[in-house]
Amino acid sequence: MTVMGFFTPFIIYLGVTLLHYFLPGRWVIGYVNNPKTGEKLRYRLNGRLVLLAAIGLWYSLGYVGWVPWDWLYQVRWSSLAGACVIGLVYSLASVLPFPSTGRNFAVDFFLGRPENPQFKNGHIDAKMWLYLIGAVMLALNVLSFAAYHHLTYEGESSTGIFVSAALLIYFILDYLTFEKVHLYTYDIFAERVGFKLGWGCLTFYPYFYTIALWSTVDLPNPEQPDWWPYLSIAVFFCGWCLARGANMQKFYFKIQPDQAFLGISPQTVTDGERTLLVNGFWGLSRHINYLGEVLMASGIALAVGYPGAIWPWLYPLYYVVLLFPRERDDDRRCAAKYGPLWQQYTQRVKHRIIPFIY
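Residues numbered from 1 in each chain as written. Predicted model: local features only at pLDDT ≥ 70, side-chain atom pairs only at ≥ 80, totals over all residues. Heavy atoms only, no water.

Digging into the pattern of salt bridges
- Under the counting rule described, the total for this entry stands at twelve salt bridges.
- Across the salt bridge formed by E191 and R326, the nearest N and O atoms sit 3.6 Å from each other. Of the two residues, E191 is situated in the loop between α9 (186–190) and α10 (195–208) and R326 in helix α15 (residues 314–338); the sequence distance between them amounts to 135 residues. Here E191 and R326 have matching classes, each one buried.
- Linking R328 and E327 is a salt bridge whose minimum nitrogen-to-oxygen distance equals 3.9 Å. (Salt bridge = Lys/Arg side-chain N within 4 Å of Asp/Glu carboxyl O. Helix = DSSP H or I, 4+ residues; strand = E, 2+ residues; numbered from the N terminus. Buried < 20%, exposed > 50% of the residue type's maximum accessible area, 1.4 Å probe, protein only.)

So, in structure tokens, the structure goes:
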């Protein structure tokens, strides 16, 4: 069982890759330029279809009794070990064949060397493939963990476990529904492919994001009051509104800069060549979407019903540790890119992440 568990992510990642390659997809133009041609990169996207197909296969295999619905929970540790190996091998394969960026190898290995590798004439984009693999594996882990809780406690199951699982599935489905929008985000246009992105998507993302469920699905119902799940749902969707709203406003501003979004006419600062958005979601703070991510994670952690346990709260804490330093890096990057225009922008939008506080 340990050996089978170790090779489970190998099988799933291969299956997701084949689904991504063979299922119908749509070609879209991204934000990043091809350094060889100067034209915008093209991406073939079908993440939502791949996710639904993978969930259908998971359910069907469990229904006919070939693979238990809670298999990924049963083998979670050996599966994690297999994913660690995959992530490490992929990271090495993504860095070693490419020339140095001028930094030492440790930095190159962690941050990466290639910027936007694509394969099969753009049929597979490395970054979007990594996020797709991580998202589908995360969804299957979530479903398996929730199935374990149901099979263990049946009529005494905790509603909060299923609420937390549902919020995570919604988070994944939402991301894959708006794949095109995320072509305009920091990860795609600013980061390189190395250990951080490779191991992060193949290992960290699909396993660590389950930590609220991982640490509580074997526990009995905490008997929280009836309003507890509604509180967690409210916190989650408050964050979702901020994160999704901000990303969508920026996306539409980039492709249709004169059009209103949700009735919000864009207000900007400009130096005649470049333009920055300063109202709507982006008038609240420079990275209001980061606050949204933290709130969504907090809702997922709250839902399981063990607010005094430390493990579920590692999930939102991770976003704080990741995104607050990233905001500083992005600020320096933008200051160098935009010069005086960035100073004008920061005078209009004074707060970094949390409106009126930080």
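So, the environment of I310
- Structurally, I310 is set in the loop between α14 (288–303) and α15.
- Accessibility expressed as a relative area gives 56% for I310, which makes it exposed.
- For the pair formed by I310 and R244, sequence separation is 66 residues and the distance between their alpha carbons is 28 Å.

Examining unusual backbone geometry
- Positive phi, normally seen in glycine, also occurs at E154, with a value near 45 degrees.
- Among the structural elements, E154 can be located in the loop between α6 (126–153) and α7 (159–177).
- A residue is classified by how much of its surface remains accessible, and E154, at 54% relative accessible area, is exposed.

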